[in-house]
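As a plain string of letters, each chain reads:
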Amino acid sequence: MLELITTADGSKTIYNSEVGENYHSRHGALQESQHVFLNSGLKYFLSGKEVTEVSILEVGFGTGLNFLLSADYCQNEKIKLEYTGIEAHPLDHQMISQTGYNQYISQPVWASFIDQYSESLKQQVTINPFCKLQTAHCQLLNFNSQQQYDVIYFDAFASANQPEMWSEQAITHTIRFLKQGGVFVTYAITGNLKRMLKSLGLKVEKVPGAPGKREMLRAVRCADMQM
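Note that this is a predicted model, so its numbers are computed, not measured. (Residues numbered from 1 in each chain as written. Predicted model: local features only at pLDDT ≥ 70, side-chain atom pairs only at ≥ 80, totals over all residues. Heavy atoms only, no water.)

Trainee: Can you help me understand unusual backbone geometry in this one?
Mentor: Trans peptide bonds make up most of the peptide bonds, and negative phi angles are found at most residues other than glycine. Within the chain, Lys 78 stands out as a residue other than glycine whose phi angle is a positive 60°. Summarising the element assignment, Lys 78 is placed in the loop between helix 2 (65-77) and strand 5 (80-86). With relative accessibility at 59%, the residue Lys 78 sits in the exposed group. (Helix = DSSP H or I, 4+ residues; strand = E, 2+ residues; numbered from the N terminus. Buried < 20%, exposed > 50% of the residue type's maximum accessible area, 1.4 Å probe, protein only.)

Trainee: What exactly am I supposed to notice about the nonpolar core here?
Mentor: In globular proteins that are soluble, nonpolar side chains generally tend to be buried together. In this structure, Phe 67, Phe 113, Phe 184 and Leu 197 are the most contacted members of the largest nonpolar core, which totals 73 residues. Ranked by residues supplied to this core, first place goes to helix 1 (residues 29-46) with 8 residues. Excluding its chain neighbours within four sequence positions, the residues that come into contact with Phe 184 are Ile 152, Phe 154, Thr 174, Ile 175, Leu 178, Leu 197, Leu 202, Leu 217, Arg 218 and Ala 219. (Core = buried A, V, L, I, M, F, W, Y, C linked by side-chain atoms within 4.5 Å. Contact = heavy atoms within 4.5 Å.)

Trainee: Explain the sheet that holds strand 3 (residues 21-22) here, please?
Mentor: Hydrogen bonding along the main chain pairs the strands of a sheet, whether they run parallel or antiparallel. Ordered in space as 1-2-3, the 3 strands form an open sheet in which the pairing is antiparallel. Single-partner strands in this sheet number two, and they are strand 1 (2-6) and strand 3. Sheet analysis places strand 2 (residues 12-16) next to strand 3, joined by 2 bridges and oriented antiparallel. Along strand 3, the bridge assignment pairs Tyr 15 with Asn 22. (Pairing = 2+ DSSP bridges.)

Honestly, that's just the spatial picture; any functional story needs more than this.
Below, the structure written as structure tokens:
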């Protein structure tokens with residue numbers, strides 16, 4: 001059963017009673033997405049670079065909040081964004097529409113996303129001249145692509161409730177899609193995850209977490225990495 005709830009910063013998330021977890025932090029859905037994924041992921045990757053295009057792969061598309069913030073930012077900065085979300089259990093259109101995320105982004109981005117959300121589960125759609133979206137309706141290990149991405153948002157449910165998403169097999173599969181010099185970010189930080197990423201040749205760092213979490217993890221795929 002899915003239930004909309006309001007988090008501490010006033011933004012909404014969804015509680016999944018089957019998994020026993022929220023889609024975002026109860027301390028603030030918006031704050032978490034902004035801090036962990038937009039600021040520590042996308043903006044970190046773009047800092048100091050003169051780029052006009054960027055690609056993002058998200059593991060755990062969920063409510064689409066990370067996508068919406070990223071699309072809105074790229075539109076404002078006039079950076080072309082190609083975004084792929086992996087979601088084994090997509091939310092229905094009605095639930096997405098009730099999140100209230102329209103108040104945090106431009107109306108045209110929201111309207112185009114809502115209008116094309118269902119279609120994005122079947123094929124890539126054009127949200128606006130700066131953004132394309134596709135939501136891969138599949139399990140992580142069944143996802144395959146010839147493309148590699150500049151940034152990976154790893155936003156699966158916590159390992160306590162969904163341990164298979166944090167296994168060596170799952171993390172190794174995910175990193176296959178990260179470009180050399182690309183950035184991997186997640187809200188979580190564990191010794192096991194750090195060891196796995198280091199063994200794959202990534203440079204791992206602890207950075208301050210979103211409200212409610214002291215630290216989070218960011219890793220960069222080294223230029224000379226061999227996989």
